[in-house]
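# Descriptive analysis of the structure
Residue-level listing of the chains:
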Amino acid sequence: MLEVRDLRAGYGAVEVLHGVDLDVGDDEIVAILGSNGAGKSTLNNTISGLFPPFGGAIRFDGEDICGAPSERIVERGVIQVPEGRRVFPNMTVRDNLLLGGYRRGRANRKRNLDGVVAVFPRLGERFTQHAGTLSGGEQQMLAIGRAMMAEPRLLILDEPSLGLSPLLVEEMFGLIRRLHEEGLSILLVEQNVMESLALANRAYVIENGLITLSGPADELLDNPDLKRSYLGL
Amino acid sequence: MDACANLTGHGCGIILASIINGTMTGAVYALVALGLTLIYGVLHIINFAHGTLLMLAMYGVFFLNQIVGVDPYMAMPVILVAAFLFGYGLQRYVIGKTSHGRDEITLLVTLGVSIVIENLALFFFTANERNIRVPYELAGIDLGVTYLLVTQMAAFGAALLITATLWMFMSASDTGRAIRAVAKERQGARLVGINVEHIFALSFGIGTACVGAAAALLAPRFAISPRIGYTFVLIAFTVVVLGGMGSFVGALVGGFIIGIAESVGGLFLGESLGQITISLIFILILLLRPSGLFGEKLR
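The sections below set out a description of the structure shown in this document. Only a predicted model underlies this, so the values are computations on that prediction, with no experimental measurement involved.

## Notes on the overall build of chain B
- Counting secondary structure elements, chain B contains 12 helices and 2 strands.
- Along chain B, from the amino end to the carboxyl end, the secondary structure elements read α-α-α-α-α-β-β-α-α-α-α-α-α-α.
- In terms of C-alpha radius of gyration, chain B reaches 20 Å, essentially the compact-globule figure of 19 Å for 299 residues.
- Projecting the C-alpha coordinates of chain B onto the three principal axes gives extents of approximately 65 × 50 × 35 Å.
- Looking at chain B as a whole, 51% of its 299 residues are labelled buried.
- Sequence separation of 24 or more characterises 74% of the internal contacts of chain B that already satisfy a separation of 6 or more.

And the structure:
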């Protein structure tokens, strides 16, 4: 579904990714693990078209989307839930959700809105409240709900558990599992290694802008290098 | 002698009259300020070319009137569309391309654009003042306390109508939502597939269309010269800051406050000294509410 080949990207003159290869297949959850500054968000944002890549190739369903503007990428169904949520704080929950269907899924907007409220009843209760007044967990729900409005084919989740209480983190991973079971392909970027590997089909470990480890999630769980780097074992 | 007279030396009637007159003018101030506040709210830039664009639009109205014989009010749709397209193009292909996203460059570019346009206007249109004569120039209705001109009422009504339309557009349309989204959260906006550069240019276009509309409303009442923009845009800046940067309601309320302050101040202090009232009210409100009447709290 998504193929990334020898991707080099960064900001301004600074190259952060030095040639990354990555695949997400149909109906897969793929986890990307790595510490702060490894290049995880750069990878997401380059796939989403926020920054033009320095080189390499990105294909979605065989179609070249490398360097395309973000609205063209959203149009194809690659939808990102960014780190820090990036909801529209000055607008109501309803308007935030409606904007989720701004570029894609417009025809079914009403139905999708009902669907999101069914998944997140909490958002329904807060419908006319400004997004800026929501709690962190609610904002995360809103960001995911907003993405669902665009009828994603590939959902990119950037650190969805960041800043949530342990209970909410559990809830969040449960939700991601449900979305996957409903047939959604997911690229999950996380620092929460154990939870992510328990959930994912496959995983990549990214360090200093390069993929250093990759494979099926259950194999990586037993990998001694990974244990040493991330679990201190 | 009535109560007002004892207090002020003027009759109640004349004070009421100047409040009414101030309200009429205030609506147009609000309209010019609305364009400025929209551009500031979305692009976070101070548009120094705002007044110059108003001047250009007034010349547009003037020449349509002189050459084609179009009534200034009838010219409004044409000027509105032309101003929108001009503003859209200016942002998308000049300001946006040259600024590289840096505010100080944007500021200088709008200033530069304004200087270029103003000097071109001086060259081609000369510094002479031009007037549009309309047959209904002195028509109006007698309210008893004051004589209200048709041109005043038209300006008032149209300014309110445009403000209300813009308000509806911003709150209920998809494009309006996208504009509000871009104003506060650009990256989030890109991630839902909003073309941010297009929305920037659209906002600049709508802001310019506001001065286009204002130009048609002002042209029958004010002499047009290459420097006419300053008169209104200085007041518009005051209105925007007073009402709260980026606030629509602030622009509207601020416009009326300044319009009335100017008119009532002029009554007591004389035409030229009356302007002091604007500054006094401005300073007073900012002392009490540093972010303006409807501005967000400064963080």
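## Details of the packing of aromatic side chains
- Going through the model one piece at a time under the given rule, you end up with 12 aromatic pairs over all chains.
- The interplanar angle of 75 degrees and the centroid separation of 4.8 Å between the aromatic rings of Tyr 11 of chain A and Phe 51 of chain A together place this pair among those described as edge-to-face. Here Phe 51 of chain A lies in the loop between helix 1 (40–47) and strand 4 (55–60) and Tyr 11 of chain A lies in strand 1 (residues 2–11), a separation of 40 residues in the sequence.
- Look at Phe 51 of chain A and you get partly exposed, because its relative accessible area is 25%.
- With centroids separated by 6.0 Å and ring planes inclined at 25 degrees, the aromatic side chains of Tyr 73 of chain B and Tyr 136 of chain B adopt a geometry described as stacked. Residue Tyr 73 of chain B is located in helix 4 (residues 72–99), and its partner Tyr 136 of chain B is located in the loop between helix 5 (103–125) and strand 1 (140–142); the two are separated by 63 residues in the primary sequence.
- Under the relative-accessibility criterion, Tyr 73 of chain B is labelled buried at 16%.
- Against the face of Tyr 102 of chain A rests Arg 106 of chain A, its NZ or CZ located 5.3 Å from the ring centre.
- In this structure, Arg 146 of chain A is placed above the aromatic ring of Phe 88 of chain A, and the distance from its NZ or CZ to the ring centre is 4.9 Å.

## Re the side chain of Gln 139 of chain A
Residues and elements named next belong to chain A.
- In this fold, Gln 139 is placed in helix 6 (residues 136–148).
- The exposure class assigned to Gln 139 is buried, which follows from its relative accessible area of 17%.
- Within the structure, Gln 139 has its side chain in polar contact with the backbone oxygen of Ala 131 (distance 3.2 Å).
- If near-sequence neighbours (up to four positions away) are discounted, Gln 139 is found in contact with Arg 85, Val 87, Ala 131, Gly 132 and Leu 134.

## As for the interface of chain B and chain A
- The interface of chain B with chain A comprises 18 residues on the first partner and 24 residues on the second.
- Three residues, Arg 177, Leu 191 and Val 192 of chain B, lead the burial of chain B against chain A; their summed loss comes to 33% of the area buried on that side.
- A salt bridge links Asp 174 of chain B to Arg 109 of chain A; its shortest N-O distance comes to 2.8 Å.
- In this assembly, chain B and chain A are joined by 9 residue pairs in polar contact (both at pLDDT 80 or more).
- For the side of chain B that touches chain A, the secondary-structure elements that each account for two or more residues are helix 7 (174–184) and helix 8 (186–191) of chain B.
- Of the residues forming the side of chain B that touches chain A, the biggest block, 6 residues, is contributed by helix 7 of chain B.
- Each residue belonging to the side of chain B that touches chain A can be placed in one class, and the counts come to 7 nonpolar, 5 polar and 6 charged.

## A closer look at the packing of helix 3 (residues 93–100) of chain A against helix 6 of chain A
Residues and elements named next belong to chain A.
- Between helix 3 and helix 6, the shortest axis-to-axis distance is 7 Å and the interhelical angle comes to 35 degrees. Our pair here, helix 3 against helix 6, has a crossing hand that is right-handed. In contact with Val 93, Asn 96, Leu 97 and Gly 100 of helix 3, helix 6 contributes Leu 142, Gly 145 and Arg 146.
- Counted by class, the contact of helix 3 with helix 6 contains 3 nonpolar, 3 polar and 1 charged residues.

## Here we look at the environment of Glu 195 of chain A
- Structurally, Glu 195 of chain A is set in helix 8 (residues 193–199).
- In this structure the C-alpha to C-alpha distance between Glu 195 of chain A and Val 78 of chain A, which are 117 residues apart in sequence, comes to 24 Å.

## Re the pattern of salt bridges
- Taken as a whole, this structure holds 21 salt bridges over all chains when the rule is applied.
- As a salt-bridge pair, Arg 8 of chain A and Glu 15 of chain A come within 3.2 Å of each other at their nearest N and O atoms.
- With relative accessibility at 30%, the residue Glu 15 of chain A sits in the partly exposed group.
- What you see here is one network of salt bridges that share partners, running through Asp 95, Arg 106 and Arg 109 of chain A together with Asp 174, Arg 177 and Arg 180 of chain B.

## Here we look at unusual backbone geometry
All names here are of chain A.
- A positive phi angle is found at Glu 159, which is not glycine, with a value near 50 degrees.
- Note on Glu 159: relative accessible area 5%, which makes it buried.
- Even without being glycine, Asn 208 reaches a positive phi, approximately 45 degrees.
- The residue Asn 208 is located in the loop between strand 9 (202–207) and strand 10 (210–216) in this model.
- Judged by its relative accessible area of 65%, Asn 208 is exposed.

## A look at the pairing of strand 10 of chain A
Residue and element names in this part refer to chain A.
- Relative to strand 10, strand 9 runs antiparallel, the two sharing 6 bridges. In the sheet register, Tyr 204 faces strand 10, and the bridge partner there is Ser 214.
- Adjacent in sequence and paired antiparallel, strand 9 and strand 10 are bridged by 2 residues, among which Asn 208 carries a positive phi angle near 45 degrees.

## Quick word on the sheet that holds strand 6 (residues 78–81) of chain A
Residues and elements named next belong to chain A.
- In spatial order, the strands read 6-7-8-3-9-10; together these 6 strands make up an open sheet with mixed pairing. Every interior strand has two partners, whereas the edge strands, strand 6 and strand 10, have only one. Averaged over all pairs of adjacent strands, the angle between strand axes in this sheet comes to 15 degrees, irrespective of strand direction.
- The sheet contact formed by strand 7 (residues 154–158) and strand 8 (residues 185–190) spans 5 bridges and is parallel. Within strand 8, the position partnered with Leu 157 by the bridge is Leu 188.
- This element, helix 1, spans strand 3 (29–33), strand 6, strand 7, strand 8 and strand 9 of the sheet and lies at about 150 degrees to strand 8.
- Sitting on the sheet, helix 7 (residues 166–181) touches strand 3, strand 7 and strand 8, and the angle it makes with strand 8 is about 155 degrees.

Rules behind the numbers
- Residues numbered from 1 in each chain as written.
- Chains lettered and ligands numbered in written order.
- Predicted model: local features only at pLDDT ≥ 70, side-chain atom pairs only at ≥ 80, totals over all residues.
- Heavy atoms only, no water.
- Helix = DSSP H or I, 4+ residues; strand = E, 2+ residues; numbered from the N terminus.
- Rg over C-alpha atoms; globule rule 2.2 N^0.38 Å.
- Buried < 20%, exposed > 50% of the residue type's maximum accessible area, 1.4 Å probe, protein only.
- Contact = heavy atoms within 4.5 Å.
- Phe/Tyr/Trp six-rings, centres within 6.5 Å; stacked < 30°, edge-to-face > 60°.
- Lys NZ or Arg CZ within 6 Å of the ring centre and 35° of its normal.
- Polar contact = N/O pair within 3.5 Å; in protein donor to acceptor, adjacent residues only side chain to side chain.
- Buried area = accessible area lost by both parts, 1.4 Å probe.
- Salt bridge = Lys/Arg side-chain N within 4 Å of Asp/Glu carboxyl O.
- Nonpolar A, V, L, I, M, F, W, Y, C, P; charged D, E, K, R; others polar.
- Axes fitted to C-alpha atoms, helices over the stretch in contact; angles between N-to-C directions.
- Left-handed = near helix turned anticlockwise from the far one by under 90°.
- Pairing = 2+ DSSP bridges.

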